[in-house]
Amino acid sequence: MTQHSPSPRSNAEATTHPSLRELFQVFGRIGVLSFGGPAAQIALMHKELVEDRPWLSEDQFLRALSFCMMLPGPEAMQLATYAGWRLRGVPGGLIGGLLFVLPGAAVIAALVFLYVSYGAQPVVQEGFLGIKAAVVVIVFQALIRLRKKALQGPFDLALAGLGFAALFVFGLPFPLVVLSAGLIGAFALHGSAPVEQATAKTAPMKDPAITLLPIALWGALWLMPLAALSIAGPQILADIGWFFAKLAVVTFGGAYAVLAYMSQTVVDDFGWIDTGQMIDALGLAETTPGPLILVTQFVAMLAGALAAGVWMALAAGLVALWATFVPCFLWIFAAAPHVERITNHPRLGAALRAITAAVVGVILNLSAWFLMHVIFREITASESAWLALPHPQIASLDVAALMLVLIAPAVWVICRGRLSLILPVMATLGVAVSHIV
């Protein structure tokens, strides 16, 4: 998060209680302007909620951020939900979380219909080749940023290497990699190094009944519609719902951490879309406000459109949004009363540190996976029962794509990392290079 000068009330508890109308206005503005990924989104919320108005103190904001980073799912959206809950209870939490997601979801829906209508045009495909090259650089940049933060010593480096090998070399399931890293951290790293903690004192544990009620209510609200789809709905909607519900539980480390797992599952196991469409989805999701995990909505809507047209696309998008984001409210409303104790729990902190280190290797796997699928047209899997190493076919090298991948880092530097410039520039270069080559 961007460093800010200390607030004059950085060690005091904020006392202002805004109206629901004020919350709607401020969180609506945050939702519309939340471009640029989690770091930029968190900085925007800090400015709006801590610096510009006396709604949260610096301590409250940092405790909330530490708490949300321990949860599966998009931390920025969950931070908005927690901030709203802190200010006005459950109605405030719903306003904060929904307004963070809905503007981007509306843009994603429009982009899907444009993509389905015009994506097959040759000039559009050439433009998307440039966007695919940009996506490779975007993911590598995310890897570099996370590496600096997450790898603090040889043990962290080893966890990152094991995470990469588990996925890229052996093809182990992503949830197993996350669970294993968390267990290693909880038992091997516990007490070995200080974990970032909030400045506030640990609060006494609340009555467990306060937590069980929102777990029961929000758990039922999340899963019962998915169960109904399994019983009476179209099979594709049930599959979409349960897959993205499972994804919501293991999305530690941000959207990039699960993209390779999601990509391989929706492409290879379900066959909903192909690899090129998956990379296009990520490139378009990067252009929208809100959490990057909205790429799940794009994938679901595209799968629905290809399977049965416009109405199935709309239904699939709604199911994906439901399965992905309702659990975010579950985590927040169930655990928020215990945030001080959670953020100061040493084993949880150690587990999070280990998962974050392993996620560096997971994102390296995603980077390699995207790079190979952008510059090679044909990739075969290992024939060994123990290995999952992909084998690019050298003869299928796409020279135009390779040139664009080599150009993309220079475009990133020239545009200073601004995606609003990088993506249209790379799309234009994609058309130009395709005609030259």
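What you see is a predicted model, and the numbers here were worked out from it, not measured in a lab.

Procedures and definitions
Residues numbered from 1 in each chain as written. Predicted model: local features only at pLDDT ≥ 70, side-chain atom pairs only at ≥ 80, totals over all residues. Heavy atoms only, no water. Helix = DSSP H or I, 4+ residues; strand = E, 2+ residues; numbered from the N terminus. Rg over C-alpha atoms; globule rule 2.2 N^0.38 Å. Buried < 20%, exposed > 50% of the residue type's maximum accessible area, 1.4 Å probe, protein only. Contact = heavy atoms within 4.5 Å. Areas by Shrake-Rupley, 256 points an atom, 1.4 Å probe, with all protein chains shown as cover. Lys, Arg positive; Asp, Glu negative; His and termini not counted. Charge placed at Lys NZ, Arg CZ, Asp CG, Glu CD. pLDDT = per-residue confidence, 0-100. Phe/Tyr/Trp six-rings, centres within 6.5 Å; stacked < 30°, edge-to-face > 60°. Lys NZ or Arg CZ within 6 Å of the ring centre and 35° of its normal. Salt bridge = Lys/Arg side-chain N within 4 Å of Asp/Glu carboxyl O. Patch = residues over 30% accessible without salt bridge, like charges linked within 9 Å, V, L, I, M, F, W, Y side chains within 5 Å.

K.L.:
Help me get a handle on the overall build of the chain, residues and values and all.
P.N.:
Secondary structure assignment for the chain yields 17 helices and two strands. Relative to the compact-globule value of 22 Å for 437 residues, the chain shows a C-alpha radius of gyration of 22 Å, a close match. For the C-alpha atoms alone, the extent of the chain along its principal axes is close to 65 × 50 × 50 Å. When the 437 residues of the chain are sorted by exposure, 54% land in the buried category. Residue pairs in contact within the chain that sit at least 24 positions apart in sequence constitute 75% of those at least 6 positions apart. Working note: accessible area of the chain is about 19,400 Å², and carbon and sulfur atoms make up 68% of it. Here the chain carries 22 positive and 22 negative side-chain charges, and the mean point of each set is 10 Å from the other.

K.L.:
Provide a residue-level description of the side chain of T275, including the pertinent values.
P.N.:
Looking at where T275 falls in the secondary structure, it is placed in helix α11 (residues 275-285). Relative accessible area serves as the criterion here: at 15%, T275 is assigned to the buried category. Those residues within four positions of T275 in sequence are excluded, and the remaining contacts are V267, W369 and H373.

K.L.:
Explain the confidence of the model for the chain to me, and be specific about the residues and the numbers.
P.N.:
Caution applies to low-pLDDT parts of the model: their predicted coordinates are not meant to be read in detail. Summary statistics for the chain give a mean pLDDT of 86 and a share of 91% for residues scoring 70 or more. Between residues 1-12, whose pLDDT stays under 50, and residues either more than four places distant or in other chains, the model counts 25 contacts. Note that residues 193-208 has pLDDT below 50 and, in this model, 23 contacts with residues that lie over four places away or in other chains.

K.L.:
Can you break down the packing of aromatic side chains residue by residue, with the values?
P.N.:
In the structure shown here, the tally under the stated rule is 16 aromatic pairs. Consider the rings of W222 and W331, whose centres lie 6.1 Å apart with planes at 80°: the pair is edge-to-face. Remark: W331 occurs in helix α13 (residues 310-335) and W222 occurs in helix α8 (residues 208-232); sequence separation between them is 109 residues. Both residues of the pair, W222 and W331, count as buried. By the ring-pair criterion, three or more aromatic residues cluster together here, those being F174, F243, F244, Y261, F270 and W272. One residue, R53, lies across the ring of W55, its end atom 5.4 Å from the ring centre.

K.L.:
Outline the pattern of salt bridges, supporting the account with residue identities and numerical values.
P.N.:
Applying the stated rule across the entire model yields six salt bridges. Between D52 and K47 there is a salt bridge, and its shortest N-O distance comes to 2.8 Å. Owing to a relative accessible area of 40%, D52 belongs among the partly exposed residues under this scheme. With its nearest N and O atoms 3.5 Å apart, the salt bridge here joins R353 to D156. Linking R353 in helix α15 (residues 346-375) with D156 in helix α6 (residues 154-169), this pair joins segments that are 197 residues apart in sequence. Several salt bridges converge on common partners, so that one network encompasses R29, E48 and R53.

K.L.:
Before we move on, could you go through a nonpolar patch on the surface and cite the residues and values that matter?
P.N.:
Residues F170, L172, L176, W386 and L387 make up a contiguous nonpolar surface patch of about 540 Å² in total accessible area. Mapped onto the secondary structure, W386 falls in the loop between β1 (379-380) and β2 (391-392).

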